[in-house]
Amino acid sequence: MTSPLMSQTHRRSRGVKIALTFAVALGLLLIFLGVRGTQALSQSNFDDAKGFMLINKAGRLAEEGLKADKPLLAKFDEESLQTLSRSMDRVLSNLWRRVRYAGETLSDYKRTDIARRADMMATLLRETSDDDLKEGVSRATLALDAVILGTNDSGVPAYEWLILKLADSLPQSEAENLRASLQEAKKSGESIVERELKEQSGLLFAEAIGEKRLARYRNGAAGVAGVALEIFNELHRVAPEYNLSDLKALLFDVTKDEEVKENIVNLSAADAFAEVLLSLTPENTSGARLLALSRALYESLQSVHPDLSGMDHNSLILLQADALAEEESQALLEQADMLQDKAWNDYLTPLFSQALDMTAHVSSAQDDLMVSSLQAFVQGESASDIQNNLANELIMARDADTGRLIEDYLAELSSEDAWQTKSSLIAALFAFDAPRIPIAVQRSVESLPKQQRSVLREDLLHGIIDPLAPLPEFAENFLSETDLEREEALLYLHLLSGSGFGKLYGDEVGAGLRLAIRANAPRIRAAQTIAAGGGDRLTQIINSKGKVLALLGALLFIDSLLLAFLMRSSNDWRIDMKWLLILLIVDFMLVFQILPLGYMLYKAFTPQGTFSLQTFERLFSYNMNRSALVNTMVSGLSAMVMGTVIAFPLAWLVGRTNLIGKKFFRHLFVLTYMVPPYVGAMAWLRLLNPNVGSINVILRTLLGLKSAVGPLNIYSMGGMVWVLTTFFYPYAFITISRAMEKMDPSLEEASRISGASPFLTLLKVTLPIMTPSLIAGALLVFVSAASAYGIPSIVGAPGRVHTVTTRIIEYYGRGTQGLNDAIGLSVFLMTLALLILYISDFVLAKKQYITVSGKSTRPNIVDLRTWRIPLTIIVGLFAFLVVLLPFATILTTSLKIDVGKSLMAAGNFTLHQWTNIFSRSETMTSLKNSFIYASVSATVGILVAITMSYLMQRTTIRGRKLPDFLITLGSGSPSVVIALGLIMSMQGRFGVNIYNTAYILIVAYLVKYMMMGMRTVTSAISQIHVSLEESSQVSGASWITTMRKVTGPLIFPSIAAGWFLIFIPCFYELAMTTLLYSNSTKTIGFQLYEYWTFTSQPQASAMAFGILLIVIFINLILNRLTKGEFSI
Amino acid sequence: MSSVTIKNVTKSFGTSLILSDFNEVFQDGEFVTLLGPSGCGKTTMLRMIAGFEKPTTGEIYIGDMLVSGGNTFVPPEKRGVGMVFQSYAVWPHMDVYHNVAYPLTIAKADKKTVEDKVARVLDIVHLSQYAQRYPNQLSGGQQQRVALARALVAEPQLLLLDEPLSNLDAKLREGMRFEIKEIQNRLGITVVYVTHDQTEAMAMSDRVFLINRGIVQQQGSPEEIYNQPVNQFVADFLGKVDFLKGESKDGIISLKGTNVKLPYSGERRGAVEVAIRPENITMTKGEVGIPAIITKKYYLGEASDYRVQIGEVDLRVISEGRDYNKFNPGDEVRLELSDFLVFDDDGSLKDQLKIQT
């Protein structure tokens, strides 16, 4: 027999189960509808979803303003309404056409420049549905291009190609005859053409050698030397007796080598020439004189070779081309080719004309656009005129197409709401045209009182229906002023007077409308679906919001399943508020973290739409990718090793010995953790720049080196590894310090009392027990170094050391292939990071010997005795080198005028850079942006952290670890990868479009940095024994009051600390911002990066130091708030 | 030689004085316990002997060797003592064998010697079959024995133990007590033992040093300090006691608030405090003795705990468990005192009994 309580529980759980099943079904339904809607949308050829939504919006807005017309219309009889309808049809067609083709009528086509015209032609060709016309026009265009250029795409002389094409339209026998004639002509023409060519190439060469300045020669004078030598040899060959003595003087000037000059004084001219020309090197030659000499030689050659035809200029041209710089060489060779083709074209002209005649006579040739175009050209019509005619044909065809579609659509609007649809559509399209209505008219309509306006509307309506009826004066005036067609103008006024505002829509909607409408040709179907009245509201929504629906459906589906699973496994079928909280966070992470990454992974395997491993192959086969991979691994591993090797002894010295000033050092080392890495990179650039770096200068003086470069070069792998190490070793330092603190000191004491010296204890006890933490710290350094962007891009890239992150960002802008490469690299980096995360958090965590001592004894301090002072000095030097020196450098650089000179040099000190930077409005805007975005991220993040920590520590609810897992995943993902994923998936592909807004930045920051708040809050809550809260509750306080009076105050310092821990990295973040920023959402980190790259170093340094000050200041507040007990 | 001599040792951390003027000698082969409430300085003293702390002033000798004092300081690894820590400090990354062998390995003993000595000491602590196990596979008591074995393997002359049993449960604690004592007897080493548990101290020690707030209150054998406490603190710390105020005059002490007059042959006169241990009171339903009324009773299993009222004064009586049902609250009974202690009432009682951490 079941008790009443049990059956109530039973009933409730049954209710919940039913609700969940329903939710799952609903989710599936939404997915189905969403997908269907998206498909319907794409089938309508309306592929711009945003434009779609805008027209929808515009239509609905218009609808609001037009509701007044219904009662008005009721007053008119059927016939009048039909007249109105017809007028509206006319207006609609005109408007549509104007809107659709704004800027693309024939006259517009003629007015645009040549480059744009090609684009327009291409668009027109694409949009035409008349395939024959399409074919004809493209052939004609090709042919014309061929004739103009003289050659077709594959380098065959134009006329040859044209003759063959023309032959294609001839009947069999005639075609064969033609082709045979062509062959013959080619054979017989060879010698003629060659002769022709020789002459022309000679002219070309003379031109080349005369005109090209020395600068355009590759290797400067050496290039010319080769040519000069060749000319000289040729001269010598044809006229060995030729007297070069008058050129000898020129010869003297050519070489700077004194010894050679001496030698040739007594030689014969010929020998002297030979001697000098052979001795030339880039350094000892006067290039300009050599050029003059070459020219003189050539002239001499010409004088003995008056007909030039005996000489093969081709080889000279080739030599010349060889010696020239890339571009010039190309141009020269192209010209040589063109000459060749022209020669052939000239020779084949008669045959071509013949072919053209023959084709023209063949009956169907009149239809062939190509033939008629060529004919027109040959007869003297200009090429551009012919192109215009072609364009005209296309435009007319397109208009006819559209006209037909519009007619079809209008015919379909026969339902009761046809009027509504038409007027909303007209209103929407008018909005696009709004600027055409004189402001004065708009204003005066606006200023009419309401009653007068409705009278005006009626009058205007009459005016549209009955063209002969008199109109209000106001309307007549307007009609006389405007060049709009009458119906259009009246309808517009009618709409204006009803809507009550001058502009129907804001600028943004209007512009978007314009764009949207323009981007799609056969849109009527889409307009039908959306612009109110064509379909019912529900279909509208489904079609236009298909993607969002599908996304919501998927989330609902997943959530319901998850809830069902959780409830089932804890056998508690009640809706618990906590689960909803968990689901909220899980959903956020699903949409903004898992979805982007999943999509990116999907794209990695389907770069061109079908499954392929090409992306991954390119990772290793494509040199740029492979070198990036190698560099990343090498730099990451090196930084890891160096960083750990530095961090461990430091942690030991600072945590376990009596080093002087350990507290100070500890704070100092942790400080680097709070500084933007790119600031450090900039500092090190100033210090280790191979030419003017301060350290290099000092080293050179100390070591007495003569060179002006080095000895250390920051722009190298070594330099990059050094900076990476100095910035990421604190991660290992902190991990190791923490573990050391947690270690039971009696473990070491036991070793000491067993006879082991402090050093031996370190080796045999401390180190082995610390090993898991060491590895965890090392891995952290590795993953941070491998995922870093700021440092590699500032230090590595100029030295051509590219890493995966810099390549990803570089590739992103480079089109499809570039994007695919970026995706491949991202997947690689992501896998690496996840692997390490797994090892570190799941494998190692189990092995960590967490040995917390029962009593809070102080750790046994090792007395360094004689080593105390030397070690302190070493550590101090290290701290100075790694922490203080870079910061000081930035400060000094920011105060200089001339970066190259010392700060102490006279007149080099200035505050100008500072005032410059901080008085700029864009700096202030970026600063403001950074503060806002970081604050929002920190606030949301800390709220999530509090919720999560509380759930994890104080409840036993199942599934509470899931959000924590997702959040950890997010923090372990490389920044660049997160950003790339978001870009790819948040532009509307899955229904959410936050691209180019501040939201996408905030979302990215949250995904990456939410974790930072978790640890502090979690540890704070875990240290408050639950009995503190329980005793409050037992005393009668509600849960909220307990939070407010007991828990809250106790964890407040940690909350504040956590808030700042999220705030600071978000504040100066660079990598994600580089990909996700838009002009209105620039942050201070990105701004700084821009300044460094494009503006002056001192200014950038001022900004960098400013950022530094802000961060330090915030850190101080943090310290104060947590009463110094908080250690990072 | 393994006596421990402590001369005029004081210890301060900053401005707070932890130990003042400790001056004692622990004899060779003695089992000495430093006993006292938390924060009294006993652990600090032990750590100074071990070499983990340095005395602020004074000297410490182990045997004849000066280990701390003046300009000399011998580091812990060179003192040749064994130590067992409260948290066992057994190294998790080594198995039992290697944990125990560690001191010998450090001293670079040869393999055979190591094996022999380790086997012997593991046998002593009854852990021979666990040599290959790792600490996380052992219970608390077993880990503690590993720590003990490790401390003994190098055959030190001095063994220091810092509250080694306080992390174990009651039953285990009792067992281990005897084992440790047994081992000490067998090996004859000097032991300095620190604890706050007076039962432990009494059961195991040859001598007990009772320390409060850095000052040795009394030192002596367990019976001495239990039966002849020199002040109220000592009387109160060891065992149970009730303090009653009284007036001593002409061989009689009259207890305030009652009609009780106790014969007294001691020297104190005037205001006194009488300390009565519950086990020294016999309670009967007879005619002889001090009349009293039972106010409460508690059943302790092996004994019964009663609160009785004499006049205005409350006393505690402990009696046999099987008599529990004989006496009930409200009953009139008679009490006989077999023994009591007398101290001067100088108003310092409250202060002495105040708990300080």
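Values in this document were obtained by computation on a predicted structure and should not be read as measured data. (Residues numbered from 1 in each chain as written. Chains lettered and ligands numbered in written order. Predicted model: local features only at pLDDT ≥ 70, side-chain atom pairs only at ≥ 80, totals over all residues. Heavy atoms only, no water.)

(A) Geometry of the overall build of chain A. When helices and strands are counted, chain A shows 50 helices and 0 strands. Counting every position in chain A, which comprises 1128 residues, the buried fraction comes to 50%. Considering only contacts in chain A between residues 6 or more positions apart, those separated by 24 or more positions represent 76%. Here chain A displays about 53,000 Å² of accessible surface, and carbon together with sulfur accounts for 59% of that area. (Helix = DSSP H or I, 4+ residues; strand = E, 2+ residues; numbered from the N terminus. Buried < 20%, exposed > 50% of the residue type's maximum accessible area, 1.4 Å probe, protein only. Contact = heavy atoms within 4.5 Å. Areas by Shrake-Rupley, 256 points an atom, 1.4 Å probe, with all protein chains shown as cover.)

(B) A look at the nonpolar core. In terms of nonpolar packing, the biggest core is built from 211 residues, with A:Phe669, A:Phe733, A:Leu1076, B:Phe26 and B:Ile49 touching the most fellow members. Counting residues per element, this core draws most heavily on helix H45 (residues 998-1023) of chain A, at 14 residues. Residue contacts for B:Phe26: discarding those within four places in its chain leaves B:Ser3, B:Val4, B:Ile6, B:Val32, B:Leu34, B:Ile49, B:Val192, B:Arg207 and B:Phe209. If you look at the next biggest cluster of nonpolar residues, it comprises 67 residues, including A:Val193, A:Ala228, A:Val254 and A:Leu277. (Core = buried A, V, L, I, M, F, W, Y, C linked by side-chain atoms within 4.5 Å.)

(C) Spotlight on the side chain of B:Gln232. Residues and elements named next belong to chain B. Tracing the backbone through its elements, the reader meets Gln232 in helix H8 (residues 232-237). A residue is classified by how much of its surface remains accessible, and Gln232, at 4% relative accessible area, is buried. In this structure the side chain of Gln232 is engaged in a polar contact, spanning 3.4 Å, whose partner is the side chain of Glu273. Every residue in contact with Gln232, bar those within four places of it in the chain, is listed here: Phe243, Glu273, Phe343, Asp344, Asp346, Ser348, Leu349, Gln352 and Leu353. (Polar contact = N/O pair within 3.5 Å; in protein donor to acceptor, adjacent residues only side chain to side chain.)

(D) Quick look at the sheet that holds strand E16 (residues 281-284) of chain B. Residue and element names in this part refer to chain B. Spatially, the 5 strands line up as an open sheet ordered E16-E20-E17-E18-E19, and their pairing is antiparallel. A single partner strand is all that each edge strand has here, and the edge strands are E16 and strand E19 (313-320). Neighbour-to-neighbour, the strand axes of the sheet open up by a mean angle of 45°, direction not taken into account. Relative to strand E20 (residues 332-337), E16 runs antiparallel, the two sharing 4 bridges. Residue pairing in the sheet places Met283 in a bridge with Leu335 of E20. (Pairing = 2+ DSSP bridges. Axes fitted to C-alpha atoms, helices over the stretch in contact; angles between N-to-C directions.)

(E) Highlighting the pattern of salt bridges. Residues and elements named next belong to chain B. Throughout the structure, instances matching the rule amount to 22 salt bridges over all chains. When the shortest N-O distance is used, the salt bridge between Arg120 and Glu155 registers 3.5 Å. Of this pair, Arg120 sits in helix H3 (residues 111-124) while Glu155 is found in the loop between helix H4 (140-153) and strand E8 (158-162), placing the two residues 35 residues apart along the sequence. Between Arg268 and Asp344 there is a salt bridge, and its shortest N-O distance comes to 3.2 Å. With Arg268 in the loop between strand E14 (261-263) and strand E15 (270-276) and Asp344 in strand E21 (residues 341-344), this pair connects stretches of sequence that are 76 residues apart. With a relative accessible area of 37%, Asp344 lands in the partly exposed category. (Salt bridge = Lys/Arg side-chain N within 4 Å of Asp/Glu carboxyl O.)

(F) Fine view of the pairing of strand E17 (residues 290-299) of chain B. Residue and element names in this part refer to chain B. Bridge count for E17 against E20 is 4 bridges, and the pairing is antiparallel. Note on E20: the bridge partner recorded for Ala292 is Val333. Judged from the 6 bridges that link them, E17 and strand E18 (residues 303-310) form a sheet pairing that is antiparallel. What sits directly across from Tyr298, in E18, is Asp305. Following E17, the chain reverses through 3 residues before pairing antiparallel with E18; Gly301 in that reversal takes a positive phi of roughly 90°.

(G) Quick peek at a nonpolar patch on the surface. Residue and element names in this part refer to chain A. On the surface, a cluster of nonpolar side chains totalling about 610 Å² of accessible area is made up of Leu835, Tyr838, Ile839, Phe842, Val843, Leu962 and Phe965. Broken down by secondary-structure element, the contributors of at least two residues to the nonpolar patch are helix H39 (815-847) and helix H43 (961-972). The element contributing the most residues to the nonpolar patch is H39, with 5 residues. With respect to the helices and strands, Leu835 occurs in helix H39. (Patch = residues over 30% accessible without salt bridge, like charges linked within 9 Å, V, L, I, M, F, W, Y side chains within 5 Å.)

(H) Just a negative patch on the surface, in detail. Taken together, the side chains of A:Asp130, A:Asp131, A:Asp132 and A:Glu135 define an acidic patch exposed on the protein surface. Within the element layout of this structure, A:Asp131 appears in helix H7 (residues 131-149). (Lys, Arg positive; Asp, Glu negative; His and termini not counted. Charge placed at Lys NZ, Arg CZ, Asp CG, Glu CD.)

Treat this as a map of the structure, not an account of what it does.
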